[in-house]
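Examination of the molecular architecture
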Amino acid sequence: MGLIMELTRTLPPHLAEILAQDASTQQKFTALRAANRGRAAHVEEAADRFVEQVGQTFEPQAIPNVGDTFPEFLLPNQYGQMTGRDALVEASPLIISFNRGHWCFYCMLELSLWSQALSQAGALPCRMVSIIPERGMYASVLKDRCQISFPVLSDVDNGFGMSLGLTVALTEELRGHYYNRNDDIGQFQGNSGWFLPVPATFVVDRDSVILARFAEPEYRTRMDPGEAIRAATTAAP
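Now for a look at the structure at hand. Keep in mind it's a predicted model, so treat the numbers as computed, not measured. (Residues numbered from 1 in each chain as written. Predicted model: local features only at pLDDT ≥ 70, side-chain atom pairs only at ≥ 80, totals over all residues. Heavy atoms only, no water.)

1. Examining empty space enclosed by the protein
Enumeration over the complete set of coordinates arrives at two cavities of 30 Å³ or more. Taken as a whole, the largest cavity spans an internal volume of roughly 40 Å³. Residue lining of the largest cavity: Phe-50, Val-54, Arg-100, Val-168, Leu-196, Pro-197, Val-198, Pro-199, Pro-217 and Tyr-219, and that is the complete set. Of all the secondary-structure elements, those providing two or more residues to the lining of the largest cavity are helix H4 (41-57) and strand E7 (195-197). Tallied by class, the residues present in the lining of the largest cavity amount to nine nonpolar, no polar and one charged. As a volume, the second largest cavity reaches approximately 40 Å³. Surrounding the second largest cavity, Phe-98, Asn-99, Ile-131, Ile-132, Pro-133, Asp-155, Asn-158, Gly-161 and Pro-197 form its lining. (1 Å grid on protein atoms, 1.4 Å probe; cavity = no way out; pocket = protein on both sides within 12 Å on 5 of 7 lines; lining within 4 Å. Points joined across faces, edges and corners; volume = space filled by probe spheres on them. Helix = DSSP H or I, 4+ residues; strand = E, 2+ residues; numbered from the N terminus. Nonpolar A, V, L, I, M, F, W, Y, C, P; charged D, E, K, R; others polar.)

Pasting the structure below:
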């Protein structure tokens, strides 16, 4: 992706082409995975090994599940303003999306799909936030790149994600491939850059009770926005 791409506030061309396809969410993620494998097979092969390794140790039962209360949080948004759970659920259900970062092609696709889904749905009976383990300037880049209207919050040092059981360690192999294409995770996060959240989506009602959950160590697939919106709609007043 390169250092220039770091501050570019538009989607990479191949990702924009996939986003424009008349296809389902999962078909678009399959297309992106195939495109990335064609562009850099060695990186996707390292990702295959990473996903297999994470899958052997990942404990989904440790993550808050449907029926549990989603924990309180207070995190800065892309402007540095503190944003908390209670304020977000005060008036409507909330969709919370954990993403790896502004550099991740799959996160860019997911959040761009969210932008499309929310704009097509019109007035929704829910709110949404994305949470990434990066500093505010990169949260702002991600927000602009994916043309999203909802806040992007910074989970500095993965503290909140770790408390939920979502954080996993990168393999040295995959981290090295990212670094070689100038995606310096440590620079983006402001730390050593060894940890990322498992992509996850939670739908919570106004009492912060979880209505739906998606958490998958295979980070190249994500929850369909329509499924989450339907879950949120059931809890709307």
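2. Considerations on the side chain of Glu-134
Its place among the elements puts Glu-134 in the loop between strand E4 (127-132) and helix H7 (136-145). Within polar-contact distance, the side chain of Glu-134 engages the side chain of His-102 at 2.9 Å. A polar side-chain atom of Glu-134 sits 3.2 Å from a polar atom in the side chain of Trp-103. Excluding residues that lie within four positions of it along the chain, Glu-134 makes contacts with Arg-100, Gly-101, His-102, Trp-103, Ser-154, Phe-188 and Gln-189. (Polar contact = N/O pair within 3.5 Å; in protein donor to acceptor, adjacent residues only side chain to side chain. Contact = heavy atoms within 4.5 Å.)

3. Description of the nonpolar core
Phe-70, Ile-95, Ile-96, Phe-98, Trp-114, Leu-174 and Phe-202 are the most contacted members of the largest nonpolar core, which totals 72 residues. Looking at this core, the element that brings in the most residues is helix H6 (residues 105-121), giving 10 residues. Those residues in contact with Trp-114, other than ones at most four positions away along the chain, are Ile-95, Met-128, Phe-150, Pro-225, Ala-228 and Ile-229. (Core = buried A, V, L, I, M, F, W, Y, C linked by side-chain atoms within 4.5 Å. Buried < 20%, exposed > 50% of the residue type's maximum accessible area, 1.4 Å probe, protein only.)

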